[in-house]
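# Summary of structural features
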Amino acid sequence: MIQQGLLADALRQSIIDGEFAPGSKLSEAMLAGRFEVSRNTVREAFRVLAEQGLIEHTPHRGVSVAAPTIADVIDIYRSRRTIECTVLRGCEPQHPAVQRMTEALAEAERLIPEEEWRGVGSANMAFHVALVDLADSPRLARTYRNLAAELRLVFLEIDAPRALHEPFVRKNRIVLDALLNKGPDAAADALEDYLIQSERLVLGAFSRMGKH
């Protein structure tokens, strides 16, 4: 049985892992049974996730996973640049979280030949979560995990997993190599370039899909 109060964290991680697609309905009864908690606990988790922009309550339709808009994409990437580039520029390259970045990147690179894109996406997320952990700030870590869940919903809206993940795994390698060999400033510069290109790709895809 999951401990009361941790259900929101578990559901957020499920979103980060790509388990729930944008717009999919969430059943109180199903989640209560799955996690062995009361329906009141599920409703409280829904309240927390709604405040974080991850789910939506629609009258007469119930609760569903949020479907990001173009405005959401722009704000998410603005937040990513502010958090990730700032953390990287001020980090210590010998920080233990660098090992987690290395392991996550190796996992993504291992999965690419198998075209296991959901796993690649999860490993890519783990790389960036570890990057933010370089700051040793629990508040930043919590903020970024919420942002990562919103970002995963953005990616799930686009049915082009290879284009979304493969080139940016290579860019993660460039960022990590820059951090280890050239220092934090070079790594932050590489990451900023990465995030600008990623935002353009996502916005272009949203535009082609007719999203607003």
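Reading guide: rules and limits
- Residues numbered from 1 in each chain as written.
- Predicted model: local features only at pLDDT ≥ 70, side-chain atom pairs only at ≥ 80, totals over all residues.
- Heavy atoms only, no water.
- Helix = DSSP H or I, 4+ residues; strand = E, 2+ residues; numbered from the N terminus.
- Rg over C-alpha atoms; globule rule 2.2 N^0.38 Å.
- Buried < 20%, exposed > 50% of the residue type's maximum accessible area, 1.4 Å probe, protein only.
- Contact = heavy atoms within 4.5 Å.
- Areas by Shrake-Rupley, 256 points an atom, 1.4 Å probe, with all protein chains shown as cover.
- Lys, Arg positive; Asp, Glu negative; His and termini not counted.
- Charge placed at Lys NZ, Arg CZ, Asp CG, Glu CD.

### So, the overall build of the protein
Within the protein one finds nine helices and three strands. When the helices and strands of the protein are listed from N to C terminus, the series reads α-β-α-α-β-β-α-α-α-α-α-α. Since a compact globule built from 212 residues should have a radius of gyration of about 17 Å, the 18 Å found for the protein is in line with a globular shape. Its C-alpha atoms put the protein at 55 × 40 × 35 Å along the principal axes. Each of the 212 residues in the protein was classed as buried or not, and the buried ones make up 48%. Intrachain contacts of the protein at a sequence separation of at least 6 include 76% that bridge at least 24 residues. Of the roughly 10,500 Å² that the protein leaves accessible, carbon and sulfur atoms contribute 51%. Each charge class in the protein can be summarised by its mean position, and for the 26 positive and 30 negative side chains these summaries are 3 Å apart.

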